[in-house]
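# Fold and geometry: a report
Residue-level listing of the chains:
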Amino acid sequence: MITFNNYTVLLLLISGLLVLVFDVRVYKKANLQREKKGALFTGWLNISLGILSYLGYLVYEKWFWK
């Protein structure tokens, strides 16, 4: 089975981490509260989607793929 889940998980985790590290800091320094909240939401959403995708893939591999 060909899957691109590993790349997807890695991209989601890295992009979420980069958003949290760089964008939130820039918006905080510029005192842009709405943009900061949006960046926080986007960063954590990317990280949580990456983790959920990885866990879903593990469950699929263990119980459904034979």
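Reading the values: the criteria
Here, residues in each chain are numbered from 1, in the same order as that chain's written sequence. Thresholds applied to this predicted model are a pLDDT of at least 70 for local features of residues and 80 or more for the giving and counting of side-chain atom pairs; totals over whole chains, interfaces and linings are not thresholded and use all residues. No hydrogens and no water enter the side-chain calculation; it runs on all heavy atoms of the structure. Each helix is a run of DSSP H or I of at least 4 residues and each strand a run of E of at least 2, with the numbering of both proceeding from the N terminus. A helix is expected to reach a length of 1.5 Å times the quantity of its residues less one. Burial here depends on accessible area, computed with a 1.4 Å probe over protein chains only, as a share of the maximum for the residue type. Under 20% is buried, over 50% is exposed, and the range in between is partly exposed. Pairs of residues are marked as contacts when any of their non-hydrogen atoms sit within 4.5 Å. UniProt positions are given in the numbering used here, feature names are shortened, and annotations may be inferred rather than shown by experiment. Only Phe, Tyr and Trp rings are paired, with Trp represented by its six-membered ring, and only when their centres lie within 6.5 Å; those with planes under 30 degrees apart are stacked, over 60 edge-to-face, the remainder tilted. We call a set of buried residues a nonpolar core when its members are Ala, Val, Leu, Ile, Met, Phe, Trp, Tyr or Cys and they connect through side-chain atoms within 4.5 Å of each other.

Looking at an unreviewed UniProt entry, one finds the chain named Cardiolipin synthase N-terminal domain-containing protein and attributed to Paenibacillus chondroitinus.

To continue, consider helix H2 (residues 33-64). Each α-helix winds once per 3.6 residues, and so residues spaced three or four apart point in a common direction. A rise of 1.5 Å per residue sets the reference length of H2, with its 32 residues, at 46 Å; its end C-alpha atoms lie 45 Å apart and thus fit the reference within 8%. When H2 is considered as a whole, its buried residues turn out to be Ala-39, Gly-43, Asn-46, Ile-47 and Gly-50. Residues of H2 that are buried sit in contact with helix H1 (5-29).

A few words on the UniProt feature "transmembrane region" (unreviewed entry) in the chain. Per the UniProt entry, the sites bearing "transmembrane region" (unreviewed entry) are residues 6-27 and 39-60 in this numbering. The distance separating the terminal C-alpha atoms of residues 6-27 is 31 Å; by composition the span is 100% helix and 0% strand. Its end C-alpha atoms 31 Å apart, residues 39-60 is made of 100% helix and 0% strand.

A word on the packing of aromatic side chains. The full count for this structure, using the stated rule, is 2 aromatic pairs. Judged by centre distance (6.5 Å) and plane angle (35°), the rings of Phe-4 and Tyr-7 are tilted. Of the two residues, Phe-4 and Tyr-7, both sit in the exposed class. On the numbers, 6.5 Å between centres and 35° between planes, the contact of Tyr-60 with Phe-64 is tilted. Of the two residues, Tyr-60 and Phe-64 both sit in helix H2, 4 residues apart, roughly one turn of that helix. When its relative accessible area of 32% is taken as the criterion, Tyr-60 is described as partly exposed.

If you look at the biggest cluster of nonpolar residues, it comprises 5 residues: Val-19, Leu-20, Val-24, Ala-39 and Ile-47. Sorting the residues of this core by element identifies H1 and H2 as the ones contributing at least two each. In contact with Leu-20, not counting residues within four places along its chain, are Ala-39, Leu-40, Gly-43, Trp-44 and Ile-47.

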